[in-house]
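These are the residues of each chain, in order.
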Amino acid sequence: MQLIQVKGSPFAARARLLIYRKDAPVEMVFPPREGLKSPDFLAINPLGKIPVLTLDDGSHLPESNVILDYLEDKFPEPPLRPATPEARARMHLLMQIGDLYVFAAIGKLFRQMNPEKRDPETVEQGFADLAKALAHLEHYLGDRGFAVDDAYSLADCSLVPVLFFVAVMEKSFQRKDVFGKGKLAAYWAEIRHDDTTARVIAELEDGVRRLLMR
Ligand SMILES: N[C@@H](CCC(=O)N[C@@H](CS)C(=O)NCC(=O)O)C(=O)O
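Residues numbered from 1 in each chain as written. Predicted model: local features only at pLDDT ≥ 70, side-chain atom pairs only at ≥ 80, totals over all residues. Heavy atoms only, no water.

By nearness alone, every residue bordering the ligand is listed as Ser9, Pro10, Phe11, Leu36, Lys37, Gly48, Lys49, Ile50, Pro51, Glu63 and Ser64. Separating an oxygen atom of the ligand from a side-chain N or O atom of Lys49 is a distance of 2.9 Å. In this structure, an oxygen atom belonging to the ligand sits 2.6 Å away from a side-chain N or O atom of Ser64. Contact with the protein chains removes 71% of the 510 Å² of surface that the ligand exposes when unbound. (Near = heavy atom within 4 Å. Polar contact = N/O pair within 3.5 Å; in protein donor to acceptor, adjacent residues only side chain to side chain. Areas by Shrake-Rupley, 256 points an atom, 1.4 Å probe, with all protein chains shown as cover.)

What follows is about the nonpolar core. Ranked by size, the top nonpolar core spans 62 residues in total, and within it Val102 and Leu130 carry the most contacts. At the level of elements, α1 (10-22), α3 (64-74), α4 (85-110), α5 (120-140), α6 (154-172), α7 (183-191) and α8 (195-213) are the ones that each hand at least two residues to this core. The greatest single-element share of this core, amounting to 12 residues, is contributed by α6. In terms of domain composition, this core takes at least three residues from each of domain 1 (2-74) and domain 2 (85-213). With residues up to four places along the chain from it excluded, the contact list for Leu130 reads Val102, Ala105, Ile106, Leu109, Val166 and Val178. Within the second largest apolar cluster, 5 residues are counted, among which are Ile4, Val29, Ile50 and Val52. (Core = buried A, V, L, I, M, F, W, Y, C linked by side-chain atoms within 4.5 Å. Buried < 20%, exposed > 50% of the residue type's maximum accessible area, 1.4 Å probe, protein only. Helix = DSSP H or I, 4+ residues; strand = E, 2+ residues; numbered from the N terminus. Domains from an automatic or database assignment. Contact = heavy atoms within 4.5 Å.)

Next up on the list: the domain arrangement of the chain. Much of the literature gives interface size as the accessible area that the parts lose upon coming together. What the domain assignment reports for the chain is domain 1 (2-74) and domain 2 (85-213). Using only C-alpha atoms to locate each centre, domain 1 and domain 2 end up separated by 21 Å. Contacts between the two partners involve 16 residues from domain 1, matched on the other side by 23 residues from domain 2. It is Leu17, Tyr20 and Arg21 in domain 1 that bury the most area against domain 2; as a group they hold 35% of the surface buried on that side. Applying the counting criterion to the domain 1 and domain 2 interface returns 4 salt bridges. (Buried area = accessible area lost by both parts, 1.4 Å probe. Salt bridge = Lys/Arg side-chain N within 4 Å of Asp/Glu carboxyl O.)

Below is the structure:
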């Protein structure tokens, strides 16, 4: 099995987190030089995005949260789905909020990263959207060191790269207390020291540094 990915992609980082935690036999490969919109890559993933997981039967699976679910089924140990239906529902809800709301706001801010091309009104709207999205996360997040209850789950794999980019935005736009002062801030301060999480955060930092140097 192969994961087509780059270091700086938050979506690819989700899958890497799971792969490292489970020591799953998945080889890391880079996308083709011709790019994500080249005919050869579009034949692999018509969405033209990474990550893509190439399965042992030669088929290809896109979309990071779908990849997480597949890898969890394929490599169930150690389990990254909580035991009860209620906790699993909370896990999926947090993953959905991260994707639909937090990442949407980050996307808006990411396009304003260059100070010379910055539109102050769009930046303010971006941070207002981000505050709203993070309040949703704050509401549903667990308070025992992990996204859900007291164990690492797919929600942590999915949210850590999202929160890494929240921190990037906070620093880049010289904002303060974007994580607030509640459960979310405590969660982010704690989870980043977990071994595999720290490894993926270091890779993201390296990837983003390279991207910004271009
Ligand atoms: N919803 C997708 C998003 C993937 C995505 O946007 N990946 C970025 C890299 S971080 C990409 O491939 N962008 C290229 C493009 O959109 O043209 C997922 O969860 O995997």
